[in-house]
Amino acid sequence: MKIGLFFGSFNPIHVGHLIIANTMATSTDLEQVWFVVSPQNPFKKNSSLLHEFDRYDLVQRAISDNAAFRATDVEFHMPRPSFTIDTLIRLQEKFPQHEFRLIMGEDNLAQFPNWKNHDKILEYTGLYVYPRPNSKSHVFNNHPAVKFVEAPLLDISATYIRASLQNGRSIRYLVPEPVEQLIKIKKFYL
């Protein structure tokens, strides 16, 4: 099976993530999309990061109605911060029957050469890249291991959602209903 790996902190998961994942699962040769919930991004501060198990639970709730989606906590059991190449190696060892592709927003391509062993990521899995607002051209435009996928141009951010919650504003339609319900019940991000 060919599987797209969608890494993220998902703090919280929102409809933008789901629309991109669905586009990848229905408009490419990917058979499934796995949401890799990252406990800690090496490039981000984790001061406003909800606990990893809570974020994983939110992802599970968000994708429960789609058989093409799966959540994985593989990085919870790895040294931190976790690096994508190490996670890819771990997943390939655990699931040798699958072929993996890395799903990435076009805005991350500028930083991609700074990733640990980025050349090996290109060699082993390649990239499926979706458009992001204000992205600029880059050295990977014509790279054979980089596939650009036409997808809706979305500018929904988890930062905006967290700020909305902190300011008492509605997040309806920004996150799936089960995610909104759990956030309210547990008073996440307040």
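Sequence order as written defines residue numbering, which begins from 1 separately in each chain. Residue-level local features of this predicted model are given only where pLDDT is at least 70; pairs of side-chain atoms are given and counted only at 80 or more, and the full residue set underlies all totals for whole chains, interfaces and linings. Working from all heavy atoms in the structure, the side-chain values ignore hydrogens and water.

Trainee: I would appreciate a short explanation of the pattern of salt bridges in the present structure.
Mentor: Two side chains with opposite charge may pair up if their charged atoms get near one another. Should a side-chain nitrogen of Lys or Arg be within 4 Å of a carboxyl oxygen of Asp or Glu, the pair is scored as a salt bridge. Overall, the coordinates contain nine salt bridges when judged by the stated rule. The closest approach of N and O atoms between glutamate 52 and arginine 80, which form a salt bridge, is 2.7 Å. Of this pair, glutamate 52 sits in helix α2 (residues 52-63) while arginine 80 is found in the loop between β3 (69-72) and α3 (84-94), placing the two residues 28 residues apart along the sequence. The shortest N-O distance in the salt bridge between glutamate 180 and lysine 184 comes to 3.3 Å. Pair noted here: glutamate 180 and lysine 184 are both in helix α6 (residues 177-186), with a separation of four residues, about one helical turn. Classification of residues uses two cut-offs on accessible area relative to the type maximum, computed with a 1.4 Å probe and protein chains only: under 20% is buried, over 50% is exposed, and between them is partly exposed. According to the relative accessible area criterion, glutamate 180 is buried, its value standing at 10%. Linked through salt bridges whose partners overlap, the residues forming this network are Lys2, Asp29, Glu99 and Arg101. Secondary structure counts use DSSP, requiring at least four H or I residues in a row for a helix and at least two E residues in a row for a strand, with both numbered from the N terminus.

Trainee: Explain the packing of α2 against α6 here, please?
Mentor: For any two helices packed against each other, one specifies the inter-axial angle together with the distance between the axes. Axis definition: a line fitted to C-alpha atoms, over the contacting stretch in the case of helices. Angles run 0 to 180 degrees between N-to-C directions. Relative to each other, α2 and α6 sit at 145°, their axes nearing to 7 Å. Contact with α2, carried on its side by Asp57, Leu58, Arg61 and Ala62, involves Pro178, Val179, Leu182 and Ile183 of α6 and no other residues of that element. Counted by class, the contact of α2 with α6 contains six nonpolar, no polar and two charged residues. Note on contacts: a residue pair qualifies if any of its non-hydrogen atoms lie within 4.5 Å across the two residues. The classification used treats Ala, Val, Leu, Ile, Met, Phe, Trp, Tyr, Cys and Pro as nonpolar, Asp, Glu, Lys and Arg as charged, and all other residues, Gly among them, as polar.

Trainee: Looking at this structure, how should I read the nonpolar core?
Mentor: Side chains that are nonpolar tend, in soluble globular proteins, to be buried together. Residue types Ala, Val, Leu, Ile, Met, Phe, Trp, Tyr and Cys, when buried and joined through side-chain atoms within 4.5 Å, form a set referred to as a nonpolar core. Formed by 37 residues in total, the largest nonpolar core has its most connected members in Phe6, Ile13, Met24, Val33, Phe35 and Leu58. Counting residues per element, the ones that place at least two in this core are α1 (15-27), β2 (32-37), α2, β3, β5 (127-130), α5 (158-166) and α6. Counting 23 residues, the second-largest nonpolar core is a separate cluster that includes Ile85, Leu109, Phe112 and Val146.

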